[in-house]
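Here are the chains, one letter per residue:
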Amino acid sequence: NLDPKAAAGLADRLPPGALRRDMIHNVARSWVARDIPGAVAWAEGLPDNGDKLQALTMILYSVADKNPKAAIAIVQSVSSQPDQLRLLRSIGSAAVQRNADGASALTSLLPNEESRVSFTLGAITGLSTTSPRAAANYVATLPPGETQNHEAISLMTSDSRTKQPN
């Protein structure tokens, strides 16, 4: 059971590739179980070559399981807005598969329309791959307005692309 800081140092010295990705994944999972703020600070310090987003995503999956509100707060603390939006899509996809009603309620905690759209896009994408009907039901639970309209159109567009001609 290696200390996360020591393991992070080992991961940092690995060349790009599967072993490095696995090590970052394991460091993030181990560190977040011990120290959420420390894990987030470590992940934020990783290079923007995919390592940072991978580590933050793993951290957020772990946190979102127990405390979705805390996961959203972590996303909002990330300095890069494009990274925030990517992470919100990931959280949306994971959260809706665990608890669609809870995920829908989380949209009201997001600070702006762009964040809500990213989160719900992730949720719709996650659901539509396994259950288009559940995705449509999820869209129906969203508060009426721009986000719901955007996601309904997105769902219809993706559904029409996946249907095969007779």
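Residues numbered from 1 in each chain as written. Predicted model: local features only at pLDDT ≥ 70, side-chain atom pairs only at ≥ 80, totals over all residues. Heavy atoms only, no water.

Chemist: It is not clear to me how the overall build of the chain should be interpreted in this structure. Could you clarify?
Modeler: Summing up its helical and strand segments, the chain has 10 helices and 0 strands in all. The linear arrangement of helices and strands in the chain, starting from the amino end, is α-α-α-α-α-α-α-α-α-α. Overall, the chain is about 55 × 40 × 25 Å in size when its C-alpha atoms are taken along their principal axes. Carbon and sulfur atoms provide 55% of the accessible area of the chain, an area that totals close to 9,100 Å². Put simply, the chain has 16 plus and 15 minus side-chain charges, and the middle of one group is 4 Å from the middle of the other. (Helix = DSSP H or I, 4+ residues; strand = E, 2+ residues; numbered from the N terminus. Areas by Shrake-Rupley, 256 points an atom, 1.4 Å probe, with all protein chains shown as cover. Lys, Arg positive; Asp, Glu negative; His and termini not counted. Charge placed at Lys NZ, Arg CZ, Asp CG, Glu CD.)

Chemist: I tried to follow helix 8 (residues 113-130) on my own but got confused; where do I start?
Modeler: Given 3.6 residues to a turn, an α-helix orients residues that are three or four positions apart in the same direction. Helix length check: helix 8, at 18 residues, gives a terminal C-alpha distance of 26 Å against a target of 26 Å (1.5 Å per residue), a fit within 8%. Every buried residue belonging to helix 8 is among Ser115, Val117, Ser118, Phe119, Thr120, Gly122, Ala123, Ile124, Gly126 and Leu127, and all of these are buried. For helix 8, the side-chain oxygen to backbone nitrogen distance between the N-cap and Glu114 is 3.2 Å, and the N-cap itself is Asn112. (Expected span 1.5 Å × (residues − 1). Buried < 20%, exposed > 50% of the residue type's maximum accessible area, 1.4 Å probe, protein only. Polar contact = N/O pair within 3.5 Å; in protein donor to acceptor, adjacent residues only side chain to side chain.)

Chemist: How should the nonpolar core be read in this particular structure?
Modeler: Among soluble globular proteins, nonpolar side chains are generally buried collectively. Counting residues in each nonpolar core, the largest one holds 43 residues, and the members touching the most others are Trp42, Ala55, Ile59, Leu60, Phe119 and Tyr138. Residues within four places of Phe119 in sequence aside, it is in contact with Leu88, Ile91, Gly92, Ala95, Ala103, Leu106, Thr107, Leu110 and Tyr138. (Core = buried A, V, L, I, M, F, W, Y, C linked by side-chain atoms within 4.5 Å. Contact = heavy atoms within 4.5 Å.)

Chemist: Would you take a moment to explain the side chain of Ser118 for this structure?
Modeler: Structurally, Ser118 is set in helix 8. Using a relative accessible area of 6% as the deciding quantity, one classes Ser118 as buried.

Chemist: Explain the packing of aromatic side chains here, please?
Modeler: A ring pair, where both rings are aromatic, is described by two values, the distance of the centres and the angle of the planes. Applying the stated criterion to the full structure yields 1 aromatic pair. Ring geometry for Trp31 and Trp42: centres 5.6 Å apart, planes at 25 degrees, overall stacked. Note that Trp31 is positioned in helix 2 (residues 18-34) and Trp42 in helix 3 (residues 36-44), a separation of 11 residues in sequence. For Trp31, a relative accessible area of 9% gives the class buried. For Trp42, a relative accessible area of 13% corresponds to the buried category. (Phe/Tyr/Trp six-rings, centres within 6.5 Å; stacked < 30°, edge-to-face > 60°.)

Chemist: Mind showing me how you'd approach helix 6 (residues 81-98) here?
Modeler: Taking 1.5 Å as the rise per residue, helix 6 with 18 residues should run 26 Å; its terminal C-alpha atoms sit 26 Å apart, in good agreement. Listed as buried for helix 6 are Asp83, Gln84, Leu85, Leu87, Leu88, Ser90, Ile91, Gly92, Ser93, Ala94, Ala95 and Val96. Buried residues along helix 6 sit in contact with helix 4 (51-66), helix 5 (68-77), helix 7 (100-106), helix 8 and helix 9 (132-141).

Chemist: Is there a simple way to explain the environment of Ala41 in this structure?
Modeler: With respect to the helices and strands, the residue Ala41 is situated in helix 3. In this structure, the C-alpha to C-alpha distance between Ala41 and Leu56, residues 15 residues apart in sequence, is 9.7 Å.

Chemist: Honestly, the environment of Gly50 in this entry has me stumped. Any pointers?
Modeler: Relative to the helices and strands, Gly50 resides in the loop between helix 3 and helix 4. For the pair Gly50 and Arg21, spaced 29 residues apart in the sequence, the C-alpha separation amounts to 9.2 Å.

Chemist: Help me understand the pattern of salt bridges in this model?
Modeler: When their charged atoms lie close together, side chains carrying opposite charge are able to pair. According to the stated counting rule, one finds 5 salt bridges in the structure shown. Close ionic contact of Arg20 with Asp51 constitutes a salt bridge, the shortest N to O distance being 2.5 Å. Taken together, the positions of Arg20 in helix 2 and Asp51 in helix 4 put the pair 31 residues apart, joining distant regions of the chain. On the basis of relative accessibility, which here comes to 9%, the residue Arg20 falls in the buried class. One salt bridge connects Arg116 with Glu113, and the closest N-O pair in it is separated by 3.3 Å. Taken together, the residues span about one helical turn, with Arg116 and Glu113 both in helix 8 at a distance of 3 residues. (Salt bridge = Lys/Arg side-chain N within 4 Å of Asp/Glu carboxyl O.)

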